[in-house]
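# Analysis of the macromolecular model
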Amino acid sequence: MLDRGEIVEVAVPDLLPSEARNGRRRRFRSRGMLVRQSVNSSLVSVAGLIRAPVRDLESHDVGRLVDVVVRWDRGVYPQVSGLVIRIGSRRAFVHVADVSSIRRRAVQLGSTRVDLKDFERRPGEQLLCKDVIDHQLLDVDGARVVRAADLYVAHVGSRYWVVGVDVSFVSFLRRLLPARMSSLPTAERVLDFASIQPFGRPGTPVKLRKPHRGLEQLRPADLADLLEDLGRPERRELLSLLPPESAADVLEEMEPRHLRLLLQDVPIDQAARLVAMMEPDEAVDALRDLSEEDRGNLLTQMPRARATELRGLLTFPEGVAGGIMTTKIVVLTTNETIRDARQKVRARRREEDVDGLVVIDGQGRLIDDLSLMDLLDNDPDTPIAAVVGPPYPGTVLPDADLDDVVEQLIANRGSSLVVVDLEHRPIGRILADDVVDALVSTDDQRRWPWQPKGPGE
């Protein structure tokens, strides 16, 4: 298997057309075996191979090819481990070591021996035709869901590798043509297999030991789009590949309809765990969209403290300050120092983003709202009491409607507001992006400045 960073020098005259015709050689890193658009004789179409004759050393037909077996448990390119061929009424397995050559329209064996025992899938194996072609895959580099119309196999060194996936509709139509024409690759849209994240299918528990490293580089919004485009089995698997904290961030970016369907589809304990890890305001929005029964079941599965917090937020009507605030706030007293504040931020940053720090007096009433910049502008030993002062933070009561919240946010000219109770004790924070989300979701008729006017307006 080609390991990451390993350099392999191979003659691939057909992967790079202009260079190939001149007989030039090129060095490829494992990540750099790019499948170019001009696909010719060095690549073999897997779809075109199906039902191709399998011949022995004397060129006698032994059977017909049924599928190509690969191992997909490590590396970026699946390695061909064998073939499944039909001999009479049996489906036999031929190890790749017994294969002399795989060509577009025929397979040549290097041995006259064929084990007639019926093929049984072994751990770590996947069938390209049955499990991959016509199924959904993730193109991690392009951050999109694709469907494999065909796969391309190349002979590199002494092994056969799956190096490309064809996602074009033309390739799907090509498979409907006669065998002599369907085996001709068409390279309208060929992706390098190094960018592909596979999915295990029912009955095929094969998947990478770890998720594609490119998934870690995608933004939560990109992953949310992918989840929304995937089918149910693939959606559940992608979710399982993500760390729980990342998965919760992704759920916060999903459209309400898709999020509701996902939470209803995954096991209830997993759904409860993910919702509990979401930001409180996002978790409340997700719970509001569920039926009363589903909402109650999820809350029952959560840690008691978290469930109590969310139940409290659910008592606020949708569209008021209490319904869109987050209760995760960092609290300071005037007896603490900037060093203490920095330590609290570091501890919280492992779990959540921190927008600011509220300062309270001995009775728990709000005094000030410090920004993260205040922590950088002052010496670590500076008392918090020496930092607080005008301009004082904008505040709203939990029952304030959206118009009041918007008015206070504009007047305050900050990125957030502090929500206080009747005793002026801080109970939450409203971020500017939460206000925008609330406005969009509650006012379908609102037209933003960048949106074009309708006819007659």
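Anything mentioned here points back to the structure above.
Numbering of residues begins from 1 in every chain and follows the order in which that chain's sequence is written. In keeping with the model being predicted, local features are shown solely for residues with a pLDDT of at least 70 and side-chain atom pairs are shown and tallied solely at 80 or more, while totals for entire chains, interfaces and linings include all residues. Hydrogens are left out, water is left out, and the side-chain values use all remaining heavy atoms of the structure.

### Some details on the side chain of Glu125
We count a stretch as a helix when DSSP gives it H or I for four or more residues in a row; a strand needs E for two or more, and each element gets its number in order from the N terminus. With respect to the helices and strands, the residue Glu125 is situated in strand E10 (residues 125-127). Taking relative accessible area as the criterion, Glu125 reaches 1% and is therefore assigned buried. When a residue's accessible area, from a 1.4 Å probe over protein chains only, is under 20% of the maximum for its type it is buried; when over 50% it is exposed; and in between it is partly exposed.

### Focus on the pairing of strand E19 (residues 366-370)
As defined by bridge partners, strand E18 (residues 357-360) adjoins E19 across four bridges and the pair is classed as antiparallel. Bridge assignment links Val358 to a residue of E19, and that residue is Asp369. Any two strands are treated as partners once DSSP identifies two or more bridges connecting them. Counted along the chain from E18 to the antiparallel partner E19, the turn is five residues long, and its residue Gly364 has a positive phi close to 85°.

### A word on the sheet that holds strand E17 (residues 330-333)
In space, the three strands of this open sheet follow the order E17-E18-E19, with mixed pairing throughout. Sheet topology places E17 and E19 at the edges, where each strand pairs with a single neighbour. Going from strand to strand, the sheet's axes swing by 30° on average, the running direction of each strand aside. Angular values range over 0 to 180 degrees, each being the angle between N-to-C directions of two axes fitted as lines to C-alpha atoms, with helices fitted over their stretch in contact.

### Comments concerning the packing of helix H6 (residues 220-229) against helix H7 (residues 232-241)
Contact pair H6 / H7: the axes reach a minimum separation of 8 Å and the direction vectors enclose 150°. Considered as vectors, H6 and H7 are oriented roughly antiparallel to each other. Residue-level contacts link Leu226, Leu227 and Glu228 of H6 to Arg235, Leu238 and Leu239 of H7. Across the contact of H6 with H7, the residue classes tally to four nonpolar, no polar and two charged. Oblique is the label for every angle not falling under 35 degrees (roughly parallel), over 145 degrees (roughly antiparallel), or within 65 to 115 degrees (roughly perpendicular). In this description, contact between two residues means that some pair of their heavy atoms is separated by no more than 4.5 Å. Note that Gly is not counted as nonpolar here; it falls among the polar residues with everything else outside the nonpolar set of Ala, Val, Leu, Ile, Met, Phe, Trp, Tyr, Cys and Pro and the charged set of Asp, Glu, Lys and Arg.

### Let's talk about the pattern of salt bridges
Whenever a carboxyl oxygen of Asp or Glu lies within 4 Å of a side-chain nitrogen of Lys or Arg, that contact is scored as a salt bridge. Scanning the entire structure with this criterion turns up 13 salt bridges. For Glu125, the salt bridge identified is with Arg122, shortest N-O distance 2.5 Å. A salt bridge links Arg339 to Asp381; the nearest nitrogen and oxygen atoms lie 2.3 Å apart. Placement of Arg339 in helix H15 (residues 338-349) and of Asp381 in the loop between helix H16 (372-377) and strand E20 (395-396) is noted, with a sequence separation of 42 residues between them. Judged by its relative accessible area of 38%, Arg339 is partly exposed.

### Focus: the nonpolar core
Formed by 51 residues in total, the largest nonpolar core has its most connected members in Leu251, Leu263, Met302 and Ile430. For this core, the leading source of residues is helix H10 (residues 268-277), giving five residues. Each residue touching Ile430, except ones within four places of it in the same chain, is listed here: Ala321, Ile324, Met325, Val396, Val405, Ser415, Ser416, Leu417, Val419 and Val435. Counting residues in hydrophobic clusters, the runner-up holds 47 residues, among them Val46, Val68, Val76 and Tyr152. Think of a nonpolar core as a cluster: buried Ala, Val, Leu, Ile, Met, Phe, Trp, Tyr and Cys residues, connected wherever their side-chain atoms sit within 4.5 Å.

### Here's the deal with the sheet that holds strand E12 (residues 144-147)
Spatial ordering of the open sheet is given by E12-E11-E16, a layout of three strands whose pairing is antiparallel. Looking along the sheet, the strands with just one partner apiece sit at the ends: E12 and strand E16 (196-197).

### Some thoughts on unusual backbone geometry
A cis amide bond links Pro390 to the next residue, Pro391, at an omega of -5°. Structurally, Pro391 can be placed in the loop between H16 and E20. Non-glycine residue Asp134 carries a positive phi angle of around 75°. Mapped onto the fold, Asp134 is located in the loop between helix H3 (128-132) and strand E11 (136-139). Accessibility expressed as a relative area gives 33% for Asp134, which makes it partly exposed.

These figures capture arrangement, not role.
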